[in-house]
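Structural overview for review
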Amino acid sequence: MSSPHRFPTPVEVKGRAACMCMLGRSCTSVAPGHAMHLIQARLIAATPLEWSDAIVTSVAGEVIVLHTLDGTRIDVWSASPIEGLEPGAPVALHARHHALAVGRTRANIAVL
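The following paragraphs examine the structure supplied in this document. (Residues numbered from 1 in each chain as written. Predicted model: local features only at pLDDT ≥ 70, side-chain atom pairs only at ≥ 80, totals over all residues. Heavy atoms only, no water.)

**Considerations on the overall build of the protein**
Stated formally: A helix here means a DSSP run of H or I that spans at least four residues, while a strand means a run of E at least two residues long, and both kinds are numbered starting from the N terminus. Think of it in three bands: with a 1.4 Å probe and only protein chains considered, a residue is buried below 20% of the maximum accessible area for its type, exposed above 50%, and partly exposed in between. Throughout, a contact is declared for two residues whenever any of their heavy atoms are within 4.5 Å. Accessibility throughout is a Shrake-Rupley quantity obtained with a 1.4 Å probe, and a residue counts as covered only by protein chains that appear here.
What the protein contains, in helices and strands, is 1 helix and 7 strands. In sequence order, the protein lays out its α and β elements as α-β-β-β-β-β-β-β. Expressed as a percentage of the 112 residues in the protein, the buried residues total 32%. Restricting to contacts in the protein with at least 6 residues of sequence separation, those with at least 24 account for 51%. Split by element, the accessible area of the protein, about 7900 Å² in all, is 58% carbon and sulfur.

**A closer look at the pairing of strand β6 (residues 105-108)**
A regular strand places its side chains on the two faces of the sheet in alternate fashion. We count it as follows: The criterion for strand pairing is that DSSP finds at least two bridges linking the strands in question.
Pairing between strand β5 (residues 99-102) and β6: 4 bridges, direction antiparallel. In the strand pairing of β6, A99 is matched with N108. In this antiparallel pair of consecutive strands, β5 and β6, the connection spans 2 residues, and G103 shows a positive phi of 60 degrees.

**Thoughts on the pairing of strand β2 (residues 63-68)**
Note that strand β1 (residues 52-60) and β2 share 6 bridges and pair antiparallel. Bridge pairing in β2 places A60 opposite V63. Where β1 folds back on β2, the antiparallel hairpin that results is connected by 2 residues, among which G61 adopts a positive phi of roughly 70 degrees. Sheet topology note: the β2/strand β3 (residues 73-77) ladder contains 5 bridges and is antiparallel. Counterpart to H67 in the pairing with β3 is R73. Here β2 folds back onto β3, and the loop between the two strands holds 4 residues, one of which, G71, carries a positive phi near 95 degrees.

**Points about the pattern of salt bridges**
So the rule is basically this: By convention in these notes, a salt bridge is any Lys or Arg side-chain nitrogen within 4 Å of a carboxyl oxygen on Asp or Glu.
Here the structure, examined in full by the defined rule, presents 2 salt bridges. One salt bridge in this structure joins R96 and E50, with 2.6 Å as the shortest N-O distance. With a gap of 46 residues between them, R96 in the loop between β4 (90-94) and β5 and E50 in the loop between α1 (38-46) and β1 connect regions that are remote in the sequence. Taking the relative accessible area as the measure of exposure, R96 reaches 54% and is therefore exposed. In this structure, the salt-bridge partner of D75 is R73, at a minimum N-O distance of 2.9 Å. Classification of R73 as exposed rests on a relative accessible area of 52%.

**Description of the packing of aromatic side chains**
Note the cut-off: When the centres of two rings from Phe, Tyr and Trp lie within 6.5 Å, Trp using its six-membered ring, the rings pair. Their planes under 30 degrees apart give stacked, over 60 give edge-to-face, and anything left gives tilted. The criterion for a charge sitting over a ring is simple: Lys NZ or Arg CZ within 6 Å of the ring centre, and within 35 degrees of the ring normal.
Tallied over the entire structure, the rule returns 0 aromatic pairs. If you follow R106 out to its NZ or CZ, it ends over the ring of W51, 5.8 Å from the centre.

Written out as structure tokens, the structure is:
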């Protein structure tokens, strides 16, 4: 008689990525608006037709107001400042993968 196989139970994962943005350190969270994950960067590079052109109309702290070329207003949030972001700057928005391109800089953003 053989004994039934006993598989180990999965161990609960207790570690979480912590947001260090508020403390002025590098952020380890990859939630929208925080650090960009490698997979997110690859997804935005692999879907170039999903970018939408927009113009920055205001930057108030962590909230950035964009207007697409058809006039749609989009508010986005970023935990850390994005280099080169100022009113009047042309940007590209990848809404599905929550990314903003300012020149050659790519930032993870949260669409509000």
